[in-house]
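What the coordinates show
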Amino acid sequence: MGRRLREEDDRALVTRASAGNRAALEVLLDRHADRIHAVCRRIVGNSDDALDAAQEAMIAIARSVGRFDGRAAFTTWIYRIATNAALDELRRRARRPQPMETLPEPAMAATPLDDRVGARLDIDAALALVPDDFRVAVVLRDLCDLDYAEIAAVLDVPAGTVRSRIARGRAALAQALGNQDAGGDRPTERTR
């Protein structure tokens, strides 16, 4: 039965999970766990906090799978839950006491990093500098590949607000990555 469940699409699994089929719920959660964690990690920025947010998101999905109404894609629905869990984690983190003194990081042995890994670390560090509202929109668009309408549904804001947040978030990200021309005047066909 497990192999057959893995071959079913999300809608069929949601129907089974809503009826109490635990195996179908486990397949759904397993299928989307990496995406849920990726969204949380990019929004929260800290690996440990992202794991907490992803766990909270999966618990929320398990508890409310019966309320999924099918108006949006299942992935859009879980991204909304993951986004809310990540934002809740950011709020919890803001309430935690901050240490007054930090110990120096232990020296790491120099090892050659793959360029892609280094670039990913740079992007993660730069994303942490982007304001939350903008970062969430950029992550949902560029990492999750949601369209503007889906992001608007996830964030419960108008599509125009989504466009604005993405543009501002990308500009802030480019600036954080050292692109001084981010959002600046670029020559166009008219101005050349």
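Nothing here was measured: the structure is a model prediction, and the numbers come from that model.

Here's the deal with the packing of helix α3 (residues 22–44) against helix α5 (residues 74–95)
At a closest axis distance of 9 Å, the pairing of α3 and α5 adopts a crossing angle of 40 degrees. Put simply, α3 runs oblique to α5. The two elements α3 and α5 cross, and the hand of that crossing is right-handed. Between α3 and α5, the contacting residues are Leu28, His32, Arg35, Ile36, Val39, Cys40, Ile43 and Val44 on the first element and Phe74, Thr75, Ile78, Tyr79, Ala82, Thr83, Ala86, Leu87, Glu89, Leu90 and Arg93 on the second. Across the contact of α3 with α5, the residue classes tally to 13 nonpolar, three polar and three charged.

Side note on the packing of aromatic side chains
One pass over the structure, following the stated rule, counts three aromatic pairs. Their ring planes at 90 degrees and their centres at 5.4 Å tell us that phenylalanine 68 and phenylalanine 74 sit as a pair that is edge-to-face. Pairing phenylalanine 74 with tryptophan 77 gives two aromatic rings, centres 5.7 Å apart and planes at 35 degrees, and the pair type is tilted. Here the residue phenylalanine 74 and the residue tryptophan 77 both occupy positions in helix α5, the gap between them amounting to three residues, near one helical turn. Sitting above the plane of the tyrosine 148 ring, arginine 141 keeps its charged end 5.7 Å from the centroid. The ring of tyrosine 148 is capped by arginine 163, whose NZ or CZ atom sits 4.6 Å from the centre of that ring.

Details of the environment of glutamine 55
With respect to the helices, strands and loops of the structure, glutamine 55 is situated in helix α4 (residues 47–64). With a relative accessible area of 48%, glutamine 55 lands in the partly exposed category. Between the C-alpha atoms of glutamine 55 and alanine 82, which are 27 residues apart in sequence, the distance is 9.2 Å.

Overview of the confidence of the model for the protein
Atomic detail in the predicted coordinates should be set aside for any region of low pLDDT. Per-residue confidence for the protein gives a mean pLDDT of 83, with 80% of residues at or over 70. Taken as a whole, residues 110–114 scores under 50 in pLDDT and shows one contact with residues more than four places along the chain or in a different chain. Considering only residues more than four positions removed or in separate chains, one finds that residues 183–192, a stretch of pLDDT under 50, has three contacts.

With respect to the side chain of histidine 32
Topologically, histidine 32 is positioned in helix α3. For histidine 32, a relative accessible area of 3% puts it in the buried group. Among the polar contacts made by the side chain of histidine 32, one reaches the side chain of arginine 35 at a distance of 3.2 Å. Setting aside its immediate chain neighbours within four residues, histidine 32 contacts Asp10, Phe74, Thr75 and Ile78.

Regarding the environment of glutamine 175
Here glutamine 175 shows up in helix α9 (residues 159–176). The exposure class of glutamine 175 is exposed, given its relative accessible area of 54%. Separated by 49 residues in the primary sequence, glutamine 175 and alanine 126 place their C-alpha atoms 8.6 Å from one another.

Observations concerning the nonpolar core
Grouped together as the largest cluster of nonpolar side chains are 49 residues, with contacts concentrated most on Ile36, Cys40, Ile43, Ile61, Phe74, Leu140 and Leu155. Breaking this core down by element, the ones donating at least two residues are α2 (10–18), α3, α4, α5, α6 (115–129), α7 (132–143), α8 (148–155) and α9. When residues no more than four places from it in sequence are discounted, the contact partners of isoleucine 61 are Leu29, Ile36, Phe74, Trp77, Ile78 and Ile81.

Quick word on the packing of α5 against α7
The geometry of α5 relative to α7 is characterised by a closest axis approach of 12 Å and an angle of 150 degrees between their N-to-C directions. Between α5 and α7, the crossing angle belongs to the class labelled roughly antiparallel. The two elements α5 and α7 cross, and the hand of that crossing is right-handed. Residue-level contacts link Tyr79, Thr83, Leu87 and Leu90 of α5 to Asp132, Arg135, Val136 and Leu140 of α7. Residues belonging to the contact of α5 with α7 are distributed by class as follows: five nonpolar, one polar and two charged.

Criteria and thresholds
Residues numbered from 1 in each chain as written. Predicted model: local features only at pLDDT ≥ 70, side-chain atom pairs only at ≥ 80, totals over all residues. Heavy atoms only, no water. Axes fitted to C-alpha atoms, helices over the stretch in contact; angles between N-to-C directions. Helix = DSSP H or I, 4+ residues; strand = E, 2+ residues; numbered from the N terminus. Parallel < 35°, antiparallel > 145°, perpendicular 65-115°, else oblique. Left-handed = near helix turned anticlockwise from the far one by under 90°. Contact = heavy atoms within 4.5 Å. Nonpolar A, V, L, I, M, F, W, Y, C, P; charged D, E, K, R; others polar. Phe/Tyr/Trp six-rings, centres within 6.5 Å; stacked < 30°, edge-to-face > 60°. Lys NZ or Arg CZ within 6 Å of the ring centre and 35° of its normal. Buried < 20%, exposed > 50% of the residue type's maximum accessible area, 1.4 Å probe, protein only. pLDDT = per-residue confidence, 0-100. Polar contact = N/O pair within 3.5 Å; in protein donor to acceptor, adjacent residues only side chain to side chain. Core = buried A, V, L, I, M, F, W, Y, C linked by side-chain atoms within 4.5 Å.

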